[in-house]
Amino acid sequence: MPLPKPHGGRLVNRTLSCERREAAEKEAKELPRLKLREELLSDLRNIAHGIYSPLEGFLCQDDFENVLFEKRLADDTPWTIPIILDISHEERERLELQEGDTLTLCDGSGREIALMHVESIYSYNKEEFAEKVFLTTDKAHPGVAKVYELGELLLGGEIEMFGEVEPPFSRFYLRPVETRVLFKERGWRTVAGFQTRNVPHLGHEYVQKTALTFVDGIFINPVIGKKKSGDFKDEVILAAYETLLCNYYLKENAVMSILPMEMRYAGPREAIHHAIIRKNFGCTHFIVGRDHAGVGSYYSPYAAQEIFSEFPDLGIVPVFFKSFFYCRKCMTVVNEKICPHGEEFRISFSGTKIREMLLRGEVPPPEIMRPEVAEVVKRWENPFVS
Amino acid sequence: MGEEKEEKFKTITIPASLFKKIEERIKGTEFTSVASYVTYVLREVVEEEEEEVPFSEEDEEKVKERLKALGYLD
Ligand SMILES: [Zn+2]
């Protein structure tokens, strides 16, 4: 079994090289310019590097609407999260932008990064967007709040990247073309992708290792970038995983690299998005736990698993896990399926509980977190995004 | 949106007996229609036949060099 084909059949590469690059750089100087904020630069890079294959640009209106209502691109390829570029009416006027124009996309400092061929300029309904993608219009939801902050117009069209957008922690950043070579070199034929935005506790490790008993390799792929307050800081997550991998994993069957991308907290829809991305990296399997990509109590605990039944054509196998806990009687990490003992013996891996402990300056016990990992986290006075 | 969407889909005909067989086959599966099943199967076949984007030896070497430099490969 070879590694799966990228989503849509072909790995997208929208980075320019050699002569085309020089020409684009020159062209860019003459065109109207649009500065992108950090999250959009991440999306731009993810499109250019094929992480969002088969997307070749920001969504045009037909794709956007199809994603909203059908959870698929207009050509029926599964796609659940709109990858969009927003702009205000004022900005559009300033740029005198019309469909068919080409635009220069710049980073925050005004450096030219990419060209965008604007095929579609369209308005949209924010409430409808929130309701469809996040299943709520409650502005207390961090993803929904973000929708209400967007500009009133969306620009769709292909991009061509000629400048580098260096991701943070770039020594941990691999493109799909690189992970695919890496998996091949390791001799992996089956790879399980693991999404995370957390410092690993024993439950995470147990899930990964359970998957490792039936696949060749585990691909740990933390999301790095804008998160909500109370989430672990990126540098803490990376340091914790480095320590865990170094002490408790075999080098030949575990790989960690980062995914620079904003978390949207769209629960079920985001789980599908996360799976598609890992398929592009070359994973055959994708681990989905309890309340994947959820926030608060907006989604039922296993909604992010149930949604996979709508996508028999996804092209990556989801692996579902219930929550794990430590059982003092079993003296190991277990779940309801394998432990016959009562509640009184259980120590749960509640994120809230771990957070509170760390904030009080306590070290989580070894039944919850590896001592080496806890030691690393303790180096930060406040390991959380404020 | 409706009009544009129509352009993105074309009708093809298949033998009624095959249609019936497929209808039977997808019962109890996650496929909700014969069309979605047929699209899925055809897509798989077509993608299988498409040539991989040629990835020259040189490119692969460059990738391996970066992977080594970052400590991902020995
Ligand atoms: Zn037990």
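Residues numbered from 1 in each chain as written. Chains lettered and ligands numbered in written order. Predicted model: local features only at pLDDT ≥ 70, side-chain atom pairs only at ≥ 80, totals over all residues. Heavy atoms only, no water.

1. So, the overall build of chain A
Piece 1. A count of helices and strands for chain A gives 13 helices and 16 strands.
Piece 2. In terms of overall dimensions, chain A is globule-like: its C-alpha atoms have a radius of gyration of 21 Å, near the 21 Å expected for 386 residues.
Piece 3. A principal-axis box enclosing the C-alpha atoms of chain A has dimensions of 70 × 45 × 45 Å.
Piece 4. The buried share of chain A, taken over its 386 residues, is 59%.
Piece 5. For chain A, the proportion of contacts with a sequence separation of at least 24, taken over those separated by at least 6, is 74%.
Piece 6. Split by element, the accessible area of chain A, about 15,700 Å² in all, is 48% carbon and sulfur. (Helix = DSSP H or I, 4+ residues; strand = E, 2+ residues; numbered from the N terminus. Rg over C-alpha atoms; globule rule 2.2 N^0.38 Å. Buried < 20%, exposed > 50% of the residue type's maximum accessible area, 1.4 Å probe, protein only. Contact = heavy atoms within 4.5 Å. Areas by Shrake-Rupley, 256 points an atom, 1.4 Å probe, with all protein chains shown as cover.)

2. Thoughts on a nonpolar patch on the surface
Piece 1. Together, Ile12, Ile14, Leu18, Phe19 and Leu42 of chain B line one region of the surface with nonpolar side chains, adding up to about 430 Å² of accessible area.
Piece 2. Position of phenylalanine 19 of chain B among the secondary structure elements: in helix H2 (residues 16–26). (Patch = residues over 30% accessible without salt bridge, like charges linked within 9 Å, V, L, I, M, F, W, Y side chains within 5 Å. Salt bridge = Lys/Arg side-chain N within 4 Å of Asp/Glu carboxyl O.)

3. Some details on the interface of chain A and chain B
Piece 1. The interface of chain A with chain B comprises 31 residues on the first partner and 25 residues on the second.
Piece 2. Note on chain A versus chain B: buried area summed over both sides is about 2,500 Å², and carbon and sulfur give 55% of it.
Piece 3. On the chain A side of the interface with chain B, the three residues burying the most area are Lys5, Val181 and Pro312 of chain A, jointly 21% of the side's total.
Piece 4. Taken together, the connections running from chain A to chain B amount to 4 salt bridges.
Piece 5. For the pair chain A and chain B, the interface holds 9 residue pairs in polar contact (both at pLDDT 80 or more).
Piece 6. Of all the secondary-structure elements, those providing two or more residues to the side of chain A that touches chain B are helix H3 (61–70), helix H7 (176–186) and strand E10 (254–256) of chain A.
Piece 7. Of the residues assigned to the side of chain A that touches chain B, the class counts are 10 nonpolar, 7 polar and 14 charged. (Buried area = accessible area lost by both parts, 1.4 Å probe. Polar contact = N/O pair within 3.5 Å; in protein donor to acceptor, adjacent residues only side chain to side chain. Nonpolar A, V, L, I, M, F, W, Y, C, P; charged D, E, K, R; others polar.)

4. A word on the confidence of the model for chain B
All names here are of chain B.
Piece 1. The share of residues in chain B with pLDDT of 70 or more is 76%, and the mean pLDDT across the chain is 81.
Piece 2. Within chain B, the lowest mean pLDDT, 51, falls on helix H1 (residues 2–7), and the highest, 92, falls on H2.
Piece 3. pLDDT under 50 marks residues 1–5. Its contacts with residues more than four places away, or in other chains, come to 5 contacts.
Piece 4. With pTM at 0.90, the complex prediction returns an ipTM value of 0.88. (pLDDT = per-residue confidence, 0-100.)

5. Points about helix H8 (residues 202–212) of chain A
Residue and element names in this part refer to chain A.
Piece 1. Among the 11 residues in H8, 8 count as buried, and that is most of the element.
Piece 2. Within H8, the full set of buried residues consists of Leu202, Gly203, His204, Glu205, Val207, Gln208, Ala211 and Leu212.
Piece 3. The inward-facing, buried residues of H8 abut strand E8 (191–196), strand E9 (217–224), helix H9 (234–248), strand E12 (285–288) and strand E15 (332–334).

6. Some remarks on the sheet that holds strand E14 (residues 325–327) of chain A
Residue and element names in this part refer to chain A.
Piece 1. A sheet is described by the order of its strands in space; here 3 strands give the open sequence E15-E14-E16, paired in antiparallel fashion. This sheet does not close on itself; its edge strands, each paired only once, are E15 and strand E16 (346–348). Averaged over all adjacent pairs, the angle separating strand axes in this sheet is 35°, with direction ignored.
Piece 2. Across 3 bridges, the pairing between E14 and E15 is antiparallel. Within E15, the position partnered with cysteine 327 by the bridge is threonine 332. (Pairing = 2+ DSSP bridges. Axes fitted to C-alpha atoms, helices over the stretch in contact; angles between N-to-C directions.)

7. Thoughts on H9 of chain A
Along an α-helix, a turn takes 3.6 residues, which lines up residues three or four apart on a common side.
Residue and element names in this part refer to chain A.
Piece 1. Its 15 residues place the ends of H9 21 Å apart at the C-alpha level, agreeing with the 21 Å of an ideal helix rising 1.5 Å per residue.
Piece 2. Within the sequence span of H9, burial applies to Asp234, Val236, Ile237, Leu238, Ala239, Ala240, Tyr241, Thr243, Leu244 and Leu245.
Piece 3. Tucked inside the fold, the buried residues of H9 contact E8, H8, E9, E10 and helix H13 (371–378). (Expected span 1.5 Å × (residues − 1).)

8. Brief notes about the domain arrangement of chain A
All names here are of chain A.
Piece 1. Segmenting chain A into domains produces domain 1 (18–161) and domain 2 (170–377).
Piece 2. Each of domain 1 and domain 2 has a C-alpha centre, and the two are 29 Å apart.
Piece 3. Listed as interface residues are 31 residues of domain 1 and, on the opposing side, 29 residues of domain 2.
Piece 4. Linking domain 1 with domain 2 are 4 salt bridges.
Piece 5. Ionic pairing is found between glutamate 262 and lysine 146, a salt bridge with its closest N-O pair at 2.9 Å.
Piece 6. Seen at the junction of domain 1 and domain 2, the total is 18 residue pairs in polar contact (both at pLDDT 80 or more).
Piece 7. Elements with a contribution of two residues or more to the side of domain 1 that touches domain 2: helix H2 (38–48), H3, helix H5 (126–134) and helix H6 (142–149).
Piece 8. Among the residues forming the side of domain 1 that touches domain 2, the class breakdown is 13 nonpolar, 9 polar and 9 charged. (Domains from an automatic or database assignment.)

9. A short note on the side chain of aspartate 313 of chain A
Piece 1. Along the chain, the position of aspartate 313 of chain A falls in the loop between helix H11 (303–306) and strand E13 (317–320).
Piece 2. Those residues in contact with aspartate 313 of chain A, other than ones at most four positions away along the chain, are Arg72, Asp76 and Pro78 of chain A together with Tyr40 of chain B.

10. Things to note about the packing of aromatic side chains
Residue and element names in this part refer to chain A.
Piece 1. For the coordinates displayed, the defined rule picks out 15 aromatic pairs over all chains.
Piece 2. Relative to phenylalanine 129, the ring of phenylalanine 64 has its centre 5.7 Å away and its plane inclined at 75°; by these criteria the two rings are edge-to-face. Residue phenylalanine 64 is located in helix H3, and its partner phenylalanine 129 is located in helix H5; the two are separated by 65 residues in the primary sequence. Both residues of the pair, phenylalanine 64 and phenylalanine 129, belong to the buried class.
Piece 3. Summarising the aromatic geometry, the rings of phenylalanine 183 and phenylalanine 219 are spaced 5.4 Å apart at their centres and angled 75° between planes, so their arrangement reads as edge-to-face. (Phe/Tyr/Trp six-rings, centres within 6.5 Å; stacked < 30°, edge-to-face > 60°.)

11. Concerning the coordination of the zinc ion
All names here are of chain A.
Piece 1. Protein coordination of the zinc ion is provided by Cys327 (SG), Cys330 (SG), Cys339 (SG) and His341 (ND1), with donor distances spanning 2.2 to 2.3 Å.
Piece 2. Around the zinc ion sit 4 donor atoms; with metal-centred angles ranging over 102 to 118°, the donor geometry is tetrahedral.
Piece 3. Each donor residue of the zinc ion lies on the same chain, and together they follow the pattern C-x2-C-x8-C-x1-H.
Piece 4. Using a relative accessible area of 6% as the deciding quantity, one classes cysteine 339 as buried. (Donors = N, O, S within 2.8 Å, 3.2 Å for Na, K, Ca; no water. Tetrahedral: all angles 85-135°; square planar, octahedral: opposite > 155°, others 65-115°.)

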